[in-house]
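# Observations on chain architecture
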Amino acid sequence: MSQKQKTQILLILSFSFYAHLLSQCNCECKFGVSGTKIRGMMVFGSSLVDNGNNNFLVKSNAKANYLPYGVDFVRGPSGRFTNGKNVIDLIGENLELPQIPTFKDPETKGSCIVHGVNFASGGSGILDETGAVSGEVMSLNEQIRNLENVTLPELEVQLGCNGKEALGNYLFVVGSGGNDFSLNYFLNFPNNNATLPAFISKLINGLSHQIQRLYDLGARKFVVMSLYPNGCSPMVRARIPIPMPTDCVQAINVPLRLYNNNLRSLVDEMTQKMPGSKLVYVNVYKIIRDIIRTPTQHGFDDTKHSCCELTTIKEGGTETLCKTGGHVCSSRSKYVWFDGLHPTEAVNVVLANKVFTSDLQVEVYPTNVKNLAEQ
């Protein structure tokens with residue numbers, strides 16, 4: 001046999017072996033904590049879970065790409081709406097995953113996506129129309145389309161298996177809905193046509209279809225975040241008079257609690273509706289409300305004020321985002337709120353640890369993410 005023939009045979013054998021590897025799904029590889037099956041995270045939602053997608057949206061008004069945002073983050077201002085790490089970073093650390101890249105970053109491709117992708121967009125909502133006041137944002141529907149049409153085909157190539165096999169070992173985190181109230185229902189009140197029960201029903205129905213879409217694509221493990229107690233935020237407190245300085249604005253919090261109750265029920269409904277799925281509901285509202293009620297027990301001092309200087313309404317702002325280059329408090333670990341609406345890294349640490357290890361079903365239902373990851 002000639003050397004040329006030997007080379008051709010080796011090439012054929014090598015190709016056959018490579019093709020065989022591609023045909024075998026390697027989805028049981030364990031990239032997370034020892035004993036878990038979590039390969040990575042797929043993240044959907046708004047600014048509370050956005051790791052910087054809006055930086056790449058030229059016309060977006062909802063950006064955190066300037067100081068003092070990121071003042072305690074290793075890479076400085078990154079688009080995270082806090083002083084340091086957000087809850088997604090910290091949940092990922094608990095799962096021993098690398099930082100999850102943002103979908104819009106041009107570098108998020110190839111092997112960079114094997115641990116997951118963050119699709120979240122500040123200012124977005126469950127409803128497509130919610131983000132209109134924030135300029136260019138990616139709605140939850142658009143985020144899911146980005147997974148289906150862009151990320152998933154590339155992930156299949158990277159992992160060598162089809163989408164439904166690939167996504168079964170990813171944790172799908174959904175944190176959306178707050179803007180549907182603050183930038184839609186409350187913003188248009190009382191001129192909107194929908195009653196509160198009808199609006200909540202519209203949101204829940206929309207979210208149920210979106211979760212079903214993710215399930216149909218192959219998602220099996222979900223973490224669904226409740227709405228935050230935004231009636232306690234500096235932005236709301238500055239805009240709406242309250243009877244006592246220690247109070248939160250119940251006119252805002254009561255509708256959010258009502259939505260959260262419906263969301264918790266949706267977790268049970270979707271678990272029954274989607275065979276093989278496992279959903280965890282995180283009662284972020286209660287966790288943060290408990291911190292506000294008993295701050296010293298959790299290591300906090302200030303529950304009312306923003307840590308950073310806000311851009312006021314007179315200055316063309318909304319009392320929500322930090323002023324560019326503005327003053328920032330020195331004791332950031334003692335503040336609940338970093339800006340007018342988003343918590344500090346210190347609160348995110350408490351929240352992420354509860355998500356991962358809490359045994360209280362009033363905080364995480366029906367189980368925590370550590371248990372979910374091991375199933």
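A brief report on the enclosed structure follows. All residue numbers refer to positions counted from 1 along the written sequence of the respective chain. Only residues with pLDDT of at least 70 are given local features in this predicted model, and only at 80 or more are side-chain atom pairs given and counted; all residues enter the totals for whole chains, interfaces and linings. To get the side-chain values, take all heavy atoms of the structure and skip hydrogens and water.

With that out of the way, let us pick up the packing of aromatic side chains. Pairing of aromatic side chains requires ring centres within 6.5 Å, counting the rings of Phe and Tyr and the six-membered ring of Trp. Pairs whose planes differ by under 30 degrees are stacked, by over 60 edge-to-face, and all others tilted. What the rule picks out here adds up to 13 aromatic pairs. Taking the centre distance of 6.0 Å and the plane angle of 50 degrees together, the rings of Phe172 and Phe222 count as tilted. Within this pair, whereas Phe172 is found in strand S3 (residues 170-175), its partner Phe222 is found in strand S4 (residues 221-225), the two being separated by 50 residues in sequence. For the residue pair Phe172 and Phe222, the accessibility class agrees, reading buried in each case. Measuring from ring centre to ring centre gives 5.8 Å for Phe181 and Tyr259, while their planes differ by 75 degrees; the resulting arrangement is edge-to-face. With Phe181 in helix H5 (residues 178-188) and Tyr259 in helix H8 (residues 250-273), the pair connects residues that are 78 residues apart, well separated along the chain. The buried label goes to any residue with under 20% of its type's maximum accessible area, the exposed label to any with over 50%, and the partly exposed label to all in between, with areas taken from a 1.4 Å probe on protein chains only. Classification of Phe181 by relative accessible area gives buried; the value is 0%. Each member of the aromatic cluster is reached from another via a ring pair, and the members are Phe44, Phe103, Phe119, Phe172 and Phe222. Sitting over the ring of Tyr215, Arg220 keeps its end group 3.9 Å from the ring centre. Where helices and strands are cited, they refer to DSSP runs of H or I of at least four residues and of E of at least two residues respectively, numbered from the N terminus. Two conditions define a charge sitting above a ring: the NZ of Lys or the CZ of Arg must be within 6 Å of the ring centre, and it must be within 35 degrees of the ring normal.

The next subject is unusual backbone geometry. The omega angle of the peptide bond from Leu67 to Pro68 is 15 degrees, so this bond is cis rather than trans. Tracing the chain through its elements places Pro68 in the loop between strand S1 (40-45) and helix H2 (87-94). The peptide bond linking Tyr365 to Pro366 adopts the cis configuration, its omega dihedral lying at 0 degrees. With respect to the helices, strands and loops of the structure, Pro366 is situated in the loop between strand S8 (364-365) and helix H11 (369-374). Phi at Glu96 is positive, roughly 55 degrees, even though this residue is not glycine. Take Glu96: it is sitting in the loop between H2 and strand S2 (116-118).

Right, let's talk about the pairing of S4 for a bit. Burial of S4 is extensive: 5 of the 5 residues sit out of reach of the surface. Along S4, one buried face is formed by Lys221, Val223 and Met225 and the opposite face, lined by Phe222 and Val224, is buried too. As paired strands, S3 and S4 are joined by 4 bridges and run parallel to one another. Bridge assignment links Val174 to a residue of S4, and that residue is Val224. In this sheet, strand S5 (residues 278-282) lies alongside S4 in parallel orientation, the contact comprising 5 bridges. The residue of S5 that forms the bridge with Lys221 is Lys278. At least two DSSP bridges between two strands are needed for those strands to be called paired.

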